[in-house]
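# What the coordinates show
Each chain, written out:
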Amino acid sequence: MPEIKYAVTPALKIAYLEFGSAQGWPVVLTHGFPYDVHAFDEVAAILVNNGARVILPYIRGFGQTSFISAEIIRSGQQAARGSDLIRLIEVLGLTKPIIGGYDWGGNASCVAAALWPDHIGGLVSYAGYDIIDIVEQQHPFPASLERICWYQHLFQSERGRECLNQDRHALCRILWQEWSPEWAFDEDIFERSAASFDNPDFVDVVLHSYRHMHGSEKGDPQFESLEIILAGKPSISIPSITLDGHSDPLKPGGTADHAKYFSGQYEHRSFACGHNFPQEEPTGFAEAVLTVRDWIS
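In short, a report on the structure. (Residues numbered from 1 in each chain as written. Predicted model: local features only at pLDDT ≥ 70, side-chain atom pairs only at ≥ 80, totals over all residues. Heavy atoms only, no water.)

By the definition in use, this model includes 31 aromatic pairs. Here Tyr-35 and Trp-179 contribute two aromatic rings whose centre-to-centre distance is 6.5 Å and whose plane-to-plane angle is 50°, an arrangement assigned as tilted. Here Trp-179 lies in helix H7 (residues 158-179) and Tyr-35 lies in the loop between strand S3 (25-30) and helix H1 (41-48), a separation of 144 residues in the sequence. The cationic tip of Lys-13 hangs over the ring face of Tyr-6; the distance from NZ or CZ to the ring centre is 4.7 Å. (Phe/Tyr/Trp six-rings, centres within 6.5 Å; stacked < 30°, edge-to-face > 60°. Helix = DSSP H or I, 4+ residues; strand = E, 2+ residues; numbered from the N terminus. Lys NZ or Arg CZ within 6 Å of the ring centre and 35° of its normal.)

Spelled out as structure tokens, the structure:
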């Protein structure tokens, strides 16, 4: 594994891994909750073999990424995470990179693509147009999906904070198993990523993310104007490929109907896998990035 590098932005000291030549075409791949950069190990190897420079950042609250001040709100809201991605791209001096991700990383990538399209060359998003509709989140989903989202309800309470503080690895392992029911990962694979959950800001960021999403906690005031724009479901105009996993219980029925939110060149692909798409189907994720690369070359 390469040495961890750091990029300092106005809010964070972002830890990241870098693969490939500095002269390669740039790609930034962002992980979700509860995962980390190792979800993209195989994807990165495929892309580097095709000439890419791949950046894998640890998102806020994970790994060695840290806030630069104790005064900064430990926000996990989507506008903060999308802004983090853009600030990283600026600090590293990347010219129109392809961005991609899943779960929180797919959300951050879609937010960045919608709000700052001039900074980005193309997008690969697992789970379609993954910008959170906060108003919708305050109303019930079908009971079968509410059951799958038990962790979100737990996180609304201080009992959830205590649970994450005391037993975050066990809780997150359950989520890995439930969300990828056909993926037989071993303990070493899980523990390699679970080390990132020991970040001192992990609990605060995770709780704020789900509480803000459910409308039970206010966001960071500096991102309010961006959240208002996101509430209007802005279209994504850059070349984009969206991906689905057929056995992901969080996305029953898939996201093919999200095509209406993409106004640029667009394609949707589906695979027989669960929620942790890049680790379960690394070739499929990498091929989507390579297709977008072909479109914009």
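Within this model, the largest pocket holds a volume of roughly 890 Å³. Asp-130, Gln-137, Phe-141, Leu-250 and Lys-251 are, among the 30 residues lining the largest pocket, the residues nearest its centre. Elements represented by at least two residues in the lining of the largest pocket include exactly helix H3 (104-115), helix H4 (134-137), helix H6 (150-154) and helix H9 (202-213). The calculated volume of the second largest pocket comes to roughly 200 Å³. Around the second largest pocket, the lining comprises 13 residues; the ones closest to its centre are Ile-134, His-212, Glu-227, Ile-228 and Ala-231. Of all the secondary structure elements, the ones that give two or more residues to the lining of the second largest pocket are H4 and helix H10 (224-231). Looking at the lining of the second largest pocket residue by residue, the class counts come to six nonpolar, three polar and four charged. (1 Å grid on protein atoms, 1.4 Å probe; cavity = no way out; pocket = protein on both sides within 12 Å on 5 of 7 lines; lining within 4 Å. Points joined across faces, edges and corners; volume = space filled by probe spheres on them. Nonpolar A, V, L, I, M, F, W, Y, C, P; charged D, E, K, R; others polar.)

Evaluated as defined, the whole model comprises two cavities of 30 Å³ or more. Its boundaries defined by the atoms lining it, the largest cavity holds a volume of some 120 Å³. Along the walls of the largest cavity sit 13 residues, with Thr-30, Ile-59, Arg-81, Asp-84 and Leu-85 positioned nearest its centre. Of all elements in the fold, only strand S2 (12-19), helix H2 (78-92) and H3 reach the threshold of two or more residues within the lining of the largest cavity. Top contributing element to the lining of the largest cavity by residue count: H2, with four residues. Across the lining of the largest cavity, the residue classes tally to nine nonpolar, one polar and three charged. What the second largest cavity holds in volume is close to 50 Å³. Lining of the second largest cavity is provided by Gly-76, Gln-77, Gln-78, Arg-81, Ile-132, Ile-134, Ser-209, His-212 and Met-213. Breaking the lining of the second largest cavity down by element, the ones donating at least two residues are H2 and H9.

With that out of the way, let us pick up the state of the cysteines. Scanning the entire structure with this criterion turns up zero disulfides. Sulfur of Cys-273: no disulfide; nearest cysteine sulfur belongs to Cys-110 and is 17 Å away. For Cys-273, a relative accessible area of 2% corresponds to the buried category. (Disulfide = S-S within 2.5 Å. Buried < 20%, exposed > 50% of the residue type's maximum accessible area, 1.4 Å probe, protein only.)

The next point concerns the environment of Glu-191. Assignment of secondary structure puts Glu-191 in helix H8 (residues 187-194). Residue Glu-191 is classed as partly exposed on the basis of its relative accessible area of 33%. Taking the C-alpha atoms as reference, Glu-191 lies 8.3 Å from His-169; in sequence the two are 22 residues apart. The residues contacting Glu-191, other than those within four sequence positions of it, are His-169 and Arg-173. (Contact = heavy atoms within 4.5 Å.)

For the rest of this paragraph, the subject is the environment of Asp-133. Looking at the secondary structure, you find Asp-133 in the loop between strand S7 (122-126) and H4. Through-space distance from the C-alpha of Asp-133 to that of Leu-230 is 8.0 Å; in sequence the pair is 97 residues apart. Here the side chain of Asp-133 touches Lys-233 through a polar contact of 3.1 Å, side chain to side chain. (Polar contact = N/O pair within 3.5 Å; in protein donor to acceptor, adjacent residues only side chain to side chain.)

So, about H1. Among the residues of H1, those classed as buried are Val-43, Ala-44 and Leu-47. Along the axis of H1, the buried positions cluster into a sector of 95°, meaning they face one direction only. (Arc of directions from axis to C-beta.)

Counted residue by residue, strand S4 (residues 52-57) has six buried out of six residues, so it is predominantly covered. Covered by surrounding structure in S4 are Ala-52, Val-54 and Leu-56 together with Arg-53, Ile-55 and Pro-57, the residues of both alternating faces. Sheet analysis places S2 next to S4, joined by four bridges and oriented antiparallel. Bridged to Phe-19 within S4 is Val-54. Pairing analysis gives four bridges linking S3 to S4, with the strands arranged parallel. Bridging from a neighbouring strand, Pro-26 pairs with Arg-53 of S4. This β-α-β element, S3 to H1 to S4, shows right-handed connectivity. (Pairing = 2+ DSSP bridges. Right-handed = clockwise from strand over helix to strand, strands pointing away.)

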